[in-house]
Structures are given as C-alpha cells and as structure tokens.
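# Topology and contacts: notes
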Amino acid sequence: MLDYPFFRNALLGIVIISVVAGIIGTYIVTRRQVFIAGGITHTCFGGLGLGYFLGWNPVATAALFAVGGALGVDALAARRVRRDSAIAVIWAVGMALGILFVFLSSGFVPELNAFLFGSVLSITKSDLLIFAALSAVLLLFYALFYSRIVAVSFDEDFSRTRRLPVKFITISMSVLTALGIVLTIRMIGVMLLVSLVSLPQMAAENFTRRYTPMMTLSILFSLIAGVGGLIIAYFIDVPASATIVLLLALLYLLTLLRR
C-alpha cells in the first residue's frame, strides 16, 4: 500500500486531520454545540457552489462561507437568538445557495461528489501543507490560551464573571472550527463530517469527563478509525469515508458497553 504516493498522502492527511478534529470536536462537544459542525458543513456547500459558478477555488469560497456562518451564529446568539435556531438559519441558507449556484453552473460538476461524500485518496501534497499549517495554528492557540479555552468550554457565564476574554476565545475558536471543518470535508465529505467531530469525543466521554484526557482519547480514537478505515477500504474496495465513520460508530458502541 505504501508504494503508492496517493495512499501515503491519504495516511498522513488522516493523521493530521485526526489531531485537528480531536481538538475541535472536544471543544464543541463540551460546549454542547455538536450541531454547529453540521451547520457550518452545510453552509460550506453554498461556498462550494459559488466557487464552481464563478470558476474560483471552491475550497477558498467554502472557507469564506464557513467562517461567515460560524461568526453569524455567534452574532445571532449575542442578540438572544437561540443558538440551535441560528444554526438552522445558516444551515438552510447555505444549502439553498449551494443548490442554486450548482444549478446555474455550466456543465456537470464532477468534483462535487468528492466534497459531498469524501475522497481521502485525492489528498495532495499541497493539501497536506495546508492541513499542517492549520494544525500548527490550532496547537499554538491552545498552548497560549488553554486554561481560558477550558473555562469557556465548561461555563461561559462564570468565565465572564472572572473577566476572562470570553468573546475573543469564542470568536477565535469559531473561526478555527470553521477552517478545520472546511479542510476535513475533503476527507470525510459534507454528509458524514459531523461524525468525525462527535463520535470520538462521545466515546472518550465514556472513560473521562476531564478536558485533557478527553481530547487525547478523541485524537487516539480518530487515528484508530481513520487509519483502520483506510486500510480496510483499500483491501475490500469500498469508500474510505463511510468505512471510517462506521469504525467510529463501532468504537463508540464498544466504549458504551464498557461503561
């Protein structure tokens, strides 16, 4: 398997993305905002459609839509709109715009399936560099503000009374979450991405409720399912993204039985 460059790229991409998804997923799970990932993911579809319509890089336009959607949810929540309602708004608008732009695009859009259902074997060296850059930024941000991130994750109101930079942490993590989701779409697809930032964390919660061990276990479970799913998909010739998600679900069920 390792004789093929595309397989080596996919394997390295899974390792990097597992770290990013483990960190981001722990943040949104502890904040009880799992479906923000679904909202941002489906908002990205609008950006993908716009990119194809204008002939621009669809990943760049998807990133703009993702960041805009994440900040939009925070802005609506600040105006006392329920967060789940705000997510529903950006979810619906993003999907509607995506469908509209894809319909208006000239000709068939073959690359769209890769974003909808995932295509981990299509990861290139340039993608790996972008993944690595985001990972470095995310790890640096956590190194600088880790205790504040943990405090905001568990109790935003209490953090505000302690005069912690709640708004700065929330906005920064929203942007990093949006960017991480955009990059992860290439591997797992729009339809299945929510599982990558929720199932490993749910499995980790069956062992611990502390932030650092939960994040570490999430990364470990993501790596096990990611690498295992890629190898299984290679041998039996099935989509790697679906295999990875099914392995994550199996890991969660096993940890649930253990609990």
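Our structure is the block above this text.
Keep in mind that what you see is a predicted model, and the values were worked out from it rather than measured.

Before going further, it helps to spend a moment on the nonpolar core. Core analysis: the largest hydrophobic core is formed by 72 residues, its most contacted members being Ile40, Tyr142, Ile149 and Met173. At 12 residues, helix H1 (residues 5-30) tops the list of elements feeding residues into this core. The residues contacting Met173, other than those within four sequence positions of it, are Tyr27, Phe141, Tyr142 and Ile149.

The next point concerns unusual backbone geometry. Apart from glycine, the bulk of residues carry a negative phi angle, and the bulk of peptide bonds sit in the trans form. Located in the positive-phi region is Arg163, a residue other than glycine, with phi close to 60°. Examined against the element boundaries, Arg163 turns out to sit in the loop between helix H7 (156-161) and helix H8 (166-188). Taking relative accessible area as the criterion, Arg163 reaches 79% and is therefore assigned exposed. Backbone geometry places Asp237, a non-glycine residue, at a positive phi of 60°. Looking at where Asp237 falls in the secondary structure, it is placed in the loop between helix H11 (211-236) and helix H12 (240-258).

Right, let's get into the packing of aromatic side chains. With the rule as written, the count across this model stands at 11 aromatic pairs. Measuring from ring centre to ring centre gives 6.2 Å for Tyr142 and Tyr146, while their planes differ by 50°; the resulting arrangement is tilted. You can see Tyr142 and its partner Tyr146 sitting in helix H6 (residues 125-154), 4 residues apart, about one turn around the helix. What makes Tyr142 buried here is its relative accessible area of 5%. Accessibility expressed as a relative area gives 26% for Tyr146, which makes it partly exposed. An angle of 65° between the planes, with centres 5.3 Å apart, marks the rings of Phe145 and Phe168 as edge-to-face.

One pass over the full model with this rule turns up 4 salt bridges. Here Glu156 and Arg31 are joined by a salt bridge, their closest N and O atoms 2.0 Å apart. Placement of the pair is Glu156 in helix H7 and Arg31 in the loop between H1 and helix H2 (34-54), with a sequence separation of 125 residues. Residue classification places Arg31 among the buried residues on the basis of a relative accessible area of 12%. We note a salt bridge from Arg83 to Asp74, for which the minimum N-O separation is 3.1 Å. Judged by its relative accessible area of 23%, Arg83 is partly exposed.

Once that is clear, we can look at H11. The end-to-end C-alpha distance of H11, which contains 26 residues, comes to 37 Å, matching closely the 38 Å that a straight helix rising 1.5 Å per residue would cover. Buried residues along H11 sit against H1, H6, helix H9 (193-196), helix H10 (199-205) and H12. Within two residues after H11, Asp237 carries a phi angle of roughly 60°, on the positive side.

Turning next to H2. Taking 1.5 Å as the rise per residue, H2 with 21 residues should run 30 Å; its terminal C-alpha atoms sit 32 Å apart, in good agreement. Among the 21 residues in H2, 17 count as buried, and that is most of the element. Looking one or two residues past H2, Gly55 carries a phi angle of roughly 80°, positive in sign.

Thresholds applied
- By convention here, each chain's residues receive numbers from 1 onward along its written sequence.
- Only residues with pLDDT of 70 or above have their local features reported here, since the model is predicted, and side-chain atom pairs are shown and tallied only from 80 upward, although totals for entire chains, interfaces and linings are computed over all residues.
- In computing side-chain properties, one takes all heavy atoms of the structure into account and sets aside hydrogens as well as water.
- Nonpolar core, defined: a set of buried Ala, Val, Leu, Ile, Met, Phe, Trp, Tyr and Cys residues in which side-chain atoms within 4.5 Å join the residues together.
- Relative accessibility thresholds used throughout: buried, under 20% of the residue-type maximum; exposed, over 50%; partly exposed, between the two (1.4 Å probe, protein chains only).
- What counts as a helix is a DSSP run of H or I of at least four residues, what counts as a strand is a run of E of at least two, and both are numbered from the N terminus.
- Contacts are assigned to residue pairs that have any heavy atoms within 4.5 Å of one another.
- Two aromatic rings, drawn from Phe, Tyr or Trp (for Trp, its six-membered ring), form a pair once their centres lie within 6.5 Å of each other, and the interplanar angle then sorts them: stacked below 30 degrees, edge-to-face above 60, tilted otherwise.
- One speaks of a salt bridge when a side-chain nitrogen belonging to Lys or Arg is within 4 Å of a carboxyl oxygen belonging to Asp or Glu.
- Here the expected span of a helix is defined as 1.5 Å times the quantity of residues minus one.

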